[in-house]
Amino acid sequence: MDPGVLYTLVYLLLCFFIIFPTTEIESFGLTVDNLCSRYLTGDNFVQYHMKLTTVKMLIHFTMPATYVGYMRLLRWLNPDDFKPHLSPMVAHFNHHGLLLAAVLLLAALAVAVAVYWAWNGWSNHPTAKHLQQFINETTMRDWRAVATNINDECRRVTKMVVRLNTLSKLVVTENWIVEIRQYGINVAHQNAAVMIVCEVNTQDVITDTIEESQFVNITVHQLHQQRQQQQRQQGTTSFKLRLNGVHYNDLRDRVRCPVHVLPSVKFQSLNDRFVEAFREVIARNGTVVPAAGPIAGDSCLACLQAQPDVKIEKRCLDVDQAGNLLPDADRCEPCHCRPHWCLSCLAVWFASRQERSEWNTWLSRKATCPMCRARFCVLDVCYLEPNVPTDADAAQR
């Protein structure tokens with residue numbers, strides 16, 4: 001392989017992990033945030049993140065210039081590795097200095113932007129301009145007063161901190177909702193904010209295994225006074241959050257502002273979706289009239305609300321997907337228990353006996369009867385004859 005290509009790939013990989021640090025890199029402290037925290041410990045929450053975003057912008061936008069210096073250094077240290085592989089294009093850029101001029105111009109522009117942000121006590125920073133929309137005539141007369149109020153609340157142990165992704169996190173205090181991003185922060189005051197749940201979707205998340213997680217997309221709208229019309233036109237009145245579903249209830253209980261859920265949004269856990277799939281399979285299994293049916297007035301032993309409507313009745317052929325007969329240890333067994341369970345509770349029981357990381361194969365797995373421990377699969381579960389769901393019932397569900 002061309003040494004220049006190899007060195008370039010190594011540099012690109014290094015840059016990628018600087019911009020998108022992994023959990024392992026963070027555990028070693030080799031991130032921009034951790035390195036800057038050693039030198040910016042005396043700053044408050046808002047001022048710290050203003051300086052941190054400036055440092056990140058400088059590092060990221062000077063990476064092309066650093067790459068040129070990196071390649072020139074390697075070429076000086078190992079001239080024999082580069083001369084035979086020097087392409088006409090690289091030679092053209094090196095001869096006319098066009099590549100060097102472009103990357104130096106980008107680096108100079110980044111430095112100029114950083115100086116502009118820091119000018120006049122950081123008043124030109126995008127975060128400072130964003131905080132100006134919360135200025136009022138009484139307690140917060142300028143953006144520094146707004147920042148002081150946020151800093152005071154962020155020092156309290158009662159704040160809620162949630163990591164949204166590799167590049168951002170959410171901080172919720174008594175009065176403020178703060179989203180920390182790569183190059184700035186979004187802020188909303190809870191007294192004049194509305195949170196709208198726009199969408200709920202699922203996504204595979206790789207931890208120790210591949211698991212499916214539910215994510216909630218929330219739009220935070222900040223209601224402004226009339227004199228903030230200019231900021232409204234600039235699009236600073238709202239920002240979006242993508243939150244892991246496990247944190248949604250905590251966030252909803254923590255905030256004071258209204259949380260509206262659109263009618264099209266449907267929250268469904270993994271068990272809820274499995275119950276629906278389980279019901280569809282059972283509806284095709286036919287019905288059964290058990291020798292000992294449920295006693296009139298009996299309730300499901302799990303929920304104590306619904307009446308028992310399913311029975312475990314061995315009907316499968318004990319073969320695998322290829323049609324081969326299963327060994328005795330893997331075959332389903334007859335269950336002689338009287339119906340004690342409703343379909344939803346039996347489906348939840350079935351799911352609880354499976355490996356959570358293998359959720360996409362649950363329907364093909366087996367479980368044991370909650371009472372007699374007889375092994376069964378979804379093909380062995382049937383509706384009771386008097387409880388066959390009609391089309392009207394299915395539509396109602």
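Quick notes on the rules
- Residues numbered from 1 in each chain as written.
- Predicted model: local features only at pLDDT ≥ 70, side-chain atom pairs only at ≥ 80, totals over all residues.
- Heavy atoms only, no water.
- UniProt positions renumbered as here; feature names shortened; annotations may be inferred.
- Helix = DSSP H or I, 4+ residues; strand = E, 2+ residues; numbered from the N terminus.
- Buried < 20%, exposed > 50% of the residue type's maximum accessible area, 1.4 Å probe, protein only.
- Contact = heavy atoms within 4.5 Å.
- Pairing = 2+ DSSP bridges.
- Axes fitted to C-alpha atoms, helices over the stretch in contact; angles between N-to-C directions.
- Parallel < 35°, antiparallel > 145°, perpendicular 65-115°, else oblique.
- Nonpolar A, V, L, I, M, F, W, Y, C, P; charged D, E, K, R; others polar.
- Core = buried A, V, L, I, M, F, W, Y, C linked by side-chain atoms within 4.5 Å.
- Phe/Tyr/Trp six-rings, centres within 6.5 Å; stacked < 30°, edge-to-face > 60°.

- An unreviewed UniProt entry lists the chain under the name Transmembrane protein 129, with Anopheles darlingi as the source organism.
- Under Sequence similarities (unreviewed entry), UniProt gives the following word-for-word description of the chain: "Belongs to the TMEM129 family."
- According to UniProt, the comment filed for the chain under the heading Subcellular location (unreviewed entry) is "Membrane".

**As for the overall build of the chain**
Then step 1. On a plain count of helices and strands, the chain comes out with 15 helices and 13 strands.
Then step 2. For the chain, buried positions account for 37% of its 397 residues.
Then step 3. Expressed as a percentage of contacts within the chain between residues at least 6 apart in sequence, the contacts between residues at least 24 apart total 62%.

**So, the pairing of strand S3 (residues 176–180)**
Here is the key point about a regular strand: its side chains alternate between the two faces of the sheet.
Then step 1. Of all five residues in S3, five are buried, a share of seventy percent or more.
Then step 2. Of the two faces of S3, the one holding Trp176, Val178 and Ile180 and the one holding Ile177 and Glu179 are both buried throughout.
Then step 3. Of the pairings in the sheet, the one linking strand S2 (residues 169–172) to S3 comprises four bridges and is antiparallel in character. Following the sheet pairing, Val171 is matched in S3 by Val178.
Then step 4. Hairpin connection between S2 and S3: a loop of three residues separates the two successive antiparallel strands.
Then step 5. Sheet analysis places S3 next to strand S4 (residues 185–189), joined by five bridges and oriented antiparallel. Within S4, the position partnered with Ile177 by the bridge is Ala188.
Then step 6. Following S3, the chain reverses through four residues before pairing antiparallel with S4.

**Side note on unusual backbone geometry**
Then step 1. In the Ramachandran plot, Asp318 falls in the positive-phi region, its phi being about 55 degrees despite a non-glycine side chain.
Then step 2. Relative to the assigned elements, Asp318 resides in the loop between strand S10 (310–312) and helix H14 (343–352).
Then step 3. A relative accessible area of 10% places Asp318 in the buried class.
Then step 4. Backbone geometry at Arg373 places phi at a positive 65 degrees, although glycine is not the residue there.
Then step 5. Tracing the chain through its elements places Arg373 in the loop between strand S11 (367–368) and strand S12 (375–376).

**Section: the packing of helix H4 (residues 45–61) against helix H8 (residues 98–122)**
Then step 1. Between H4 and H8, the least distance of the axes is 8 Å, while the angle of their chain directions is 170 degrees. Judged on the interaxial angle alone, H8 and H4 are roughly antiparallel. Residue-level inspection shows Met50, Lys51, Thr53, Thr54, Met57, Leu58 and Phe61 of H4 in contact with H8, the latter providing Leu106, Ala107, Ala110, Val111, Val113, Ala114, Trp117 and Trp122.
Then step 2. Among the residues making up the contact of H4 with H8, the classes are represented as twelve nonpolar, two polar and one charged.

**Quick look at H14**
Then step 1. For H14, every residue scored as buried is listed here: Leu343, Cys345, Leu346, Ala347, Phe350 and Ala351.
Then step 2. The elements touched by buried residues of H14 are helix H13 (270–283), S10, S11, S12 and strand S13 (381–384).

**Examining the nonpolar core**
Then step 1. Counting 27 residues, the largest nonpolar core has Phe274, Phe278, Leu346, Phe350, Phe376 and Val381 as its most contacted members.
Then step 2. Those elements that provide at least two residues to this core are H13, S10, H14 and S13.
Then step 3. In this view, Val381 contacts Phe278, Ile282, Asn285, Val310, Lys311, Leu346 and Phe376; residues no more than four positions away in its chain are not counted.
Then step 4. Ranked by size, the runner-up nonpolar core spans 22 residues in total, among them Leu164, Val220, Phe239 and Val255.

**Quick look at the packing of aromatic side chains**
Then step 1. By the definition in use, this model includes ten aromatic pairs.
Then step 2. Arranged with centres 5.4 Å apart and planes meeting at 50 degrees, the rings of Tyr11 and Tyr67 form a pair that is tilted. With Tyr11 in helix H1 (residues 3–19) and Tyr67 in helix H5 (residues 63–77), the pair connects residues that are 56 residues apart, well separated along the chain.
Then step 3. Residue classification places Tyr11 among the buried residues on the basis of a relative accessible area of 8%.
Then step 4. Judged by centre distance (6.0 Å) and plane angle (15 degrees), the ring pair of Phe274 and Phe350 falls under stacked. In this pair, Phe274 is assigned in helix H13 and Phe350 in helix H14, connecting sequence segments 76 residues apart. By the burial criterion, Phe274 is buried, and Phe350 matches it.

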